[in-house]
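The residues making up each chain are set out below.
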Amino acid sequence: GTPYILLTLFYVVGMLPIVTGLTLNYVTILGNVVGIVFGIIPALALFNLNTRNPAAYAAAPFKLPVPAMKTLPLVALAIYAYGAYLSFVDYISTEHLIAFAVYAALALGYAHWRQPHVLEIRSQQSRQ
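Residues numbered from 1 in each chain as written. Predicted model: local features only at pLDDT ≥ 70, side-chain atom pairs only at ≥ 80, totals over all residues. Heavy atoms only, no water.

### A short note on the overall build of the chain
Helix and strand counts for the chain stand at five helices and zero strands. Helices (α) and strands (β) of the chain occur, in sequence order from the N terminus, as α-α-α-α-α. Considered along the principal axes of its C-alpha atoms, the chain spans approximately 50 × 35 × 20 Å. Classification of the 128 residues of the chain by burial places 14% in the buried group. Accessible area for the chain stands at about 9500 Å²; split by element, carbon and sulfur atoms hold 71% of it. (Helix = DSSP H or I, 4+ residues; strand = E, 2+ residues; numbered from the N terminus. Buried < 20%, exposed > 50% of the residue type's maximum accessible area, 1.4 Å probe, protein only. Areas by Shrake-Rupley, 256 points an atom, 1.4 Å probe, with all protein chains shown as cover.)

In structure tokens form, the structure reads like this:
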């Protein structure tokens, strides 16, 4: 059950700046990007929970009012955006933006490629 492909991707992304002679600032920036992505996903999930999965919202032991479910994720996303800006402002260049875009495209492509497999596993688990 270990996501070895994802862990390998993180390892490669973390090693590239070191192997290519870049400073550890770039490794830190890549780590921040991963952290930001992992923070954005739950905020977006909360924003859409009551409309995309009303059964999960109804069964939740702790419920936020719908206006709070729309406002708090936007505040969180604004904080993440500001943190990303502060992380990148001194180090980012056009080449870095291109590298980040390629990294994001690869991550999204991997998620899209894996989705049928994940859905199949979920359907098998629900049948058991």
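Anyway, onward from the coordinates.
### A look at the nonpolar core
Listed in full, the eight residues of the largest apolar core are Val13, Ile29, Val33, Val34, Ile36, Ala84, Phe88 and Tyr103. Among the elements of the structure, α2 (24-52) and α4 (66-88) are those that each provide at least two residues to this core. If we skip the residues at most four places from it in the chain, Ile36 touches Tyr80 and Ala84. (Core = buried A, V, L, I, M, F, W, Y, C linked by side-chain atoms within 4.5 Å. Contact = heavy atoms within 4.5 Å.)

### Focus on α4
Look at α4: 33 Å from first C-alpha to last across 23 residues, which is about the 33 Å you get at 1.5 Å a residue. For α4, every residue scored as buried is listed here: Ala68, Met69, Pro73, Ala84, Ser87 and Phe88. (Expected span 1.5 Å × (residues − 1).)

### Concerning the environment of Asn25
The topology assignment puts Asn25 in helix α2. Here the alpha-carbon distance between Asn25 and Ser87, two residues 62 residues apart in the chain, equals 9.6 Å.

### Brief notes about the pattern of salt bridges
With the rule as written, the count across this model stands at one salt bridge. Here Glu120 ties to Arg127 by a salt bridge, and the two come within 3.7 Å at their closest N and O atoms. On the basis of relative accessible area, Arg127 is assigned to the exposed category, the value being 60%. (Salt bridge = Lys/Arg side-chain N within 4 Å of Asp/Glu carboxyl O.)

### Comments concerning the packing of aromatic side chains
Scanning the model with the defined rule gives one aromatic pair in all. Seen in terms of ring centroids, Tyr110 and Trp113 are 5.9 Å apart; in terms of plane orientation they differ by 45 degrees. Their pairing is tilted. Placement of both Tyr110 and Trp113 in helix α5 (residues 94-127) is noted, with a separation of three residues, approximately one turn of the helix. Given the relative accessible area of 58%, Trp113 is considered exposed. The ring of Phe47 carries the charged tip of Lys70 above its face, separated from the ring centre by 4.4 Å. (Phe/Tyr/Trp six-rings, centres within 6.5 Å; stacked < 30°, edge-to-face > 60°. Lys NZ or Arg CZ within 6 Å of the ring centre and 35° of its normal.)

### Notes on the environment of His96
Within the secondary structure, His96 is located in helix α5. The sequence separation of His96 and Leu86 amounts to ten residues, and the corresponding C-alpha distance is 15 Å.

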